[in-house]
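# Structure at a glance
The lines below spell out each chain.
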Amino acid sequence: MAVTDVQFAPSILAADFSRLGEQVQAVAAAGAAQIHIDVMDGRFVPNITMGGIVVEAVRRSTSLPLDVHLMIVEPDHLLPAFRTAGADMITVHWETCPNLHRTLTTIQALGAKAGVAVNPATPVEVLSEVLPLIDQIVIMTVNPGFGGQALIPQTLRKIERARALIRANGRVIDLIADGGIHTGTARQVADAGANVLVVGSALFNGAGSIAAHMQALREAVAVSGHE
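Description of the structure in this document. Keep in mind that what you see is a predicted model, and the values were worked out from it rather than measured.

Along the chain, His 36 falls in strand β2 (residues 35-40). One polar contact links His 36 to His 69, side chain to side chain, over a distance of 3.2 Å. Each residue touching His 36, except ones within four places of it in the same chain, is listed here: Ala 9, Pro 10, Ser 11, Ile 12, Asp 67, His 69, Asp 178 and Val 198.

Shown next as structure tokens:
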């Protein structure tokens, strides 16, 4: 995998919401491939974040693809609303979708790409029966709900197994790593097989500009041998 094949998806969960449009435009200028929007309901995860109004605001601020990550119970009834708000990709959790096949076909019928996320304790192999319907697999490398957590080392092996599943399926499916990714871990998840890295705190927080942080992440991945 070439370094140019590894893409970054800024998570606006870590952005300064008083300057949200400005920061979305800054990550776009720095070379982000997409914008990652975490929707949390306080039920599936112990936090409440943003909804359709924020998706609409981000949509007005950028032409980049928007990946709306639904960390919510019973996501099916909200799929049309998030698609209308501007989602290009809609990611649901395996743990919240008892009829996952139906959920995925609904997302695709709405004209969006369909993603499935799996929590750290969920084997990625649970997705084997629906791989033909999946456009992206999200491996949660932290327990969902909060930004700024440390990557769980055991999830690296899961990324490797997910990459093997994708190869065996023969389709182009993005493999996304989400959580605890910074300059010290980006190369590990890329080496394990992830081609899209969700980055929050390491991009939006700390001294220096967003552009400088993005460049540091690119250089960290390049050090891993993805050249």
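Our next topic: the sheet that holds strand β8 (residues 196-199). With parallel pairing, eight strands are arranged side by side in an open sheet as β1-β8-β7-β6-β5-β4-β3-β2. Both edges of this open sheet fall to β1 (7-10) and β2, since each of them pairs with a single strand only. Across the sheet, the mean angle from the axis of one strand to that of its neighbour is 25°, orientation sign disregarded. By the bridge criterion, six bridges tie β2 to strand β3 (residues 66-71) in an arrangement that is parallel. Bridge pairing in β3 places His 36 opposite Asp 67. Helix α4 (residues 100-109) rests against β4 (89-93) and β5 (113-118) of the sheet, and its axis sits at about 145° to β5.

A word on α4. The set of residues buried in α4 consists of Leu 100, Thr 103, Leu 104 and Ile 107. On an axial view of α4, the arc spanned by its buried residues comes to 95°, and they lie on one face. Opposite the buried face of α4, at more than 90 degrees from it, the exposed residues are His 101, Arg 102 and Ala 109. Buried-residue contacts for α4 involve α3 (79-85), β4 and β5. Just past α4, the residue Gly 111 takes up positive phi, approximately 95°.

For the rest of this paragraph, the subject is the environment of Met 214. Inspection of the secondary structure assignment puts Met 214 in helix α8 (residues 210-223). Between the C-alpha atoms of Met 214 and Leu 197, which are 17 residues apart in sequence, the distance is 12 Å. When sequence neighbours within four positions are dropped, the list of residues in contact with Met 214 reads Phe 8, Pro 10, Val 27, Ala 30, Gly 31, Ala 32 and Leu 203.

On to the layout of surface pockets. The calculated volume of the largest pocket comes to roughly 320 Å³. For the largest pocket, the lining is made up of 26 residues, of which Gly 147, Gly 148, Gly 179, Gly 180 and Gly 200 are closest to its centre. Among the elements of the structure, β2, β8 and α7 (201-204) are those that each provide at least two residues to the lining of the largest pocket. Here the residues of the lining of the largest pocket are counted per class, giving 13 nonpolar, eleven polar and two charged.

Val 54, Val 55 and Val 58 are the residues of helix α2 (residues 52-61) that are buried. The buried residues of α2 occupy an angular sector of 100° when projected down its axis, which confines them to one face. Pointing more than 90 degrees away from the buried face of α2 are the exposed residues Ile 53 and Arg 60. Each element contacted by the buried residues of α2 is listed here: α1 (20-29), β2, β3 and α3.

The rules behind each value
Residues numbered from 1 in each chain as written. Predicted model: local features only at pLDDT ≥ 70, side-chain atom pairs only at ≥ 80, totals over all residues. Heavy atoms only, no water. Helix = DSSP H or I, 4+ residues; strand = E, 2+ residues; numbered from the N terminus. Polar contact = N/O pair within 3.5 Å; in protein donor to acceptor, adjacent residues only side chain to side chain. Contact = heavy atoms within 4.5 Å. Pairing = 2+ DSSP bridges. Axes fitted to C-alpha atoms, helices over the stretch in contact; angles between N-to-C directions. Buried < 20%, exposed > 50% of the residue type's maximum accessible area, 1.4 Å probe, protein only. Arc of directions from axis to C-beta. 1 Å grid on protein atoms, 1.4 Å probe; cavity = no way out; pocket = protein on both sides within 12 Å on 5 of 7 lines; lining within 4 Å. Points joined across faces, edges and corners; volume = space filled by probe spheres on them. Nonpolar A, V, L, I, M, F, W, Y, C, P; charged D, E, K, R; others polar.

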